[in-house]
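# Fold and geometry: a report
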Amino acid sequence: MEKLKKRIEQLKKKRPGYGEILDFYQKVREAQDKVKASLKIDPINLGKEWNHFFGKEGFSLIQKEDFPVDTEVSVKLFQNLCQIGKEANPHMAEQVKKIKKAIDDKRIDLKKLLKKEAKEERIEQMADELGLDKKVFLFLIQSSTKPSVEAGMEQLRGELDPETWLKGYCPMCGSLPSLSLLKEEVGKRYLLCSFCGYQWRIDRLFCPFCDNKNQESLHYLFAQGEETHRIDLCEKCHRYIKTIDYRNLQESDPVLEDLATPHLDILASQKGYKRPVPNPWTT
Ligand SMILES: [Zn+2]
Ligand SMILES: [Zn+2]
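What counts and what doesn't
- Residues numbered from 1 in each chain as written.
- Chains lettered and ligands numbered in written order.
- Predicted model: local features only at pLDDT ≥ 70, side-chain atom pairs only at ≥ 80, totals over all residues.
- Heavy atoms only, no water.
- Helix = DSSP H or I, 4+ residues; strand = E, 2+ residues; numbered from the N terminus.
- Rg over C-alpha atoms; globule rule 2.2 N^0.38 Å.
- Buried < 20%, exposed > 50% of the residue type's maximum accessible area, 1.4 Å probe, protein only.
- Contact = heavy atoms within 4.5 Å.
- Areas by Shrake-Rupley, 256 points an atom, 1.4 Å probe, with all protein chains shown as cover.
- Donors = N, O, S within 2.8 Å, 3.2 Å for Na, K, Ca; no water.
- 1 Å grid on protein atoms, 1.4 Å probe; cavity = no way out; pocket = protein on both sides within 12 Å on 5 of 7 lines; lining within 4 Å.
- Points joined across faces, edges and corners; volume = space filled by probe spheres on them.
- Tetrahedral: all angles 85-135°; square planar, octahedral: opposite > 155°, others 65-115°.
- Pairing = 2+ DSSP bridges.

### Some thoughts on the overall build of the chain
Across its full length, the chain holds 10 helices and six strands. Against the compact-globule benchmark of 19 Å for 283 residues, the chain has a radius of gyration of 19 Å, which places it among compact chains. Across its three principal axes, the chain shows a C-alpha extent of roughly 55 × 55 × 35 Å. Evaluated residue by residue, the chain yields a buried proportion of 46% over its 283 residues. For the chain, restricting intrachain contacts to residue pairs at least 6 apart in sequence, the fraction spanning at least 24 positions comes to 63%. Roughly 15,100 Å² of accessible area belongs to the chain as shown, and the carbon and sulfur atoms make up 49% of that amount.

### Some words on the coordination of the zinc ion (ligand 2)
Every protein donor of the zinc ion (ligand 2) is accounted for by Cys207 (SG), Cys210 (SG), Cys234 (SG) and Cys237 (SG), and the metal-donor separations fall at 2.2 to 2.4 Å. Positions of the donor residues of the zinc ion (ligand 2) along the chain correspond to the pattern C-x2-C-x23-C-x2-C.

### Re the layout of surface pockets
One number sums up the size of the second largest pocket: a volume of about 320 Å³. Lining the second largest pocket are 18 residues, with Ile21, Phe24, Asn89, Trp281 and Thr282 positioned closest to its centre. At the level of secondary structure, the elements contributing two or more residues to the lining of the second largest pocket comprise α2 (19-35), α5 (90-104) and α8 (134-156).

### Things to note about the coordination of the zinc ion (ligand 1)
Geometry reference: four tetrahedral donors at a metal, ideal angle 109.5 degrees. Six octahedral donors, ideal angles 90 or 180 degrees. Coordination of the zinc ion (ligand 1) by the protein comes from Cys170 (SG), Cys173 (SG), Cys193 (SG) and Cys196 (SG), over a distance range of 2.3 to 2.4 Å. Considering all four donor atoms around the zinc ion (ligand 1), the spread of angles at the metal, 102 to 118°, places the coordination shape in the tetrahedral class.

### Digging into the environment of Leu61
By the element assignment, Leu61 lies in the loop between α3 (50-53) and α4 (71-88). For Leu61 and Cys173, which are 112 residues apart along the polypeptide, the C-alpha to C-alpha distance reads 6.1 Å. Setting aside anything within four residues of it in sequence, one finds Leu61 in contact with Leu46, Trp50, Phe54, Leu156, Glu159, Leu160, Pro171 and Met172.

### Structural notes on the pairing of strand β2 (residues 188-193)
Burial runs high along β2: five of the six residues are buried. As paired elements, strand β1 (residues 177-183) and β2 share six bridges and run antiparallel to each other. Bridge pairing in β2 places Ser180 opposite Leu191. Taken together, the four bridges between β2 and strand β3 (residues 199-202) define a ladder with antiparallel strand orientation. Residue pairing for β3: Leu192 is matched across the bridge by Gln199. With antiparallel pairing between neighbouring strands as the criterion, β2 and β3 make up a hairpin whose turn holds five residues, including Gly197 at a positive phi of roughly 85°.

If you want it as structure tokens, here you go:
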């Protein structure tokens, strides 16, 4: 947490315009960090057959919905995050008010929703029914179960070899990556799972969204003087992923680095490229 705070201070000085969102990020991360010690989750049972299916026809180790969630902790965290959201900006404040009312009226059963994380479609459908901003609602739910999901991911980490999967989706839970990372002097490339936070290796020249490996149609762009953050574009599927280059950057939270570089997303969007997994903090 101390490292994170320091980096946030650095970024705020460099980009004062992003102060509000960076403060919000810090508060949410602090709230998530605080519950880690008291978290109790059930062991994940993989079943005897997993080895047989794993890696075949797109099978990942488990599904998003298989992560056990500490409901009690998540409910408390949800309430804390609502409070943080209320103070963050008027739009969030209005959404939190609506959510609270729906909980009071028993139109939202928070415990049930957080028990095992509900499917994304179900959460979005619920948001529609209640006239809520889908993205805000999903963000609050997913941020409340995140500590449980990450603990589950840590529990299963030993089952996988991050160096040999080489596919565009997460070997742990099957989700798409939110970011790519370049590490070590030789620049090994890894993907970061948008859901569980697992990292796995892929080829340097590879589009995780369409498996394109042709170097003529894979390019990257960065802002001048900021070579450590770039966007990797694929001309074949017109999608992109943001890459954080840690070869010349001290180790730091990749999600924070993403949050502090929305100008790169604007650049990509102006060129007509789409981001399959948008940053949930900014959208
Ligand atoms: Zn995952
Ligand atoms: Zn592609």
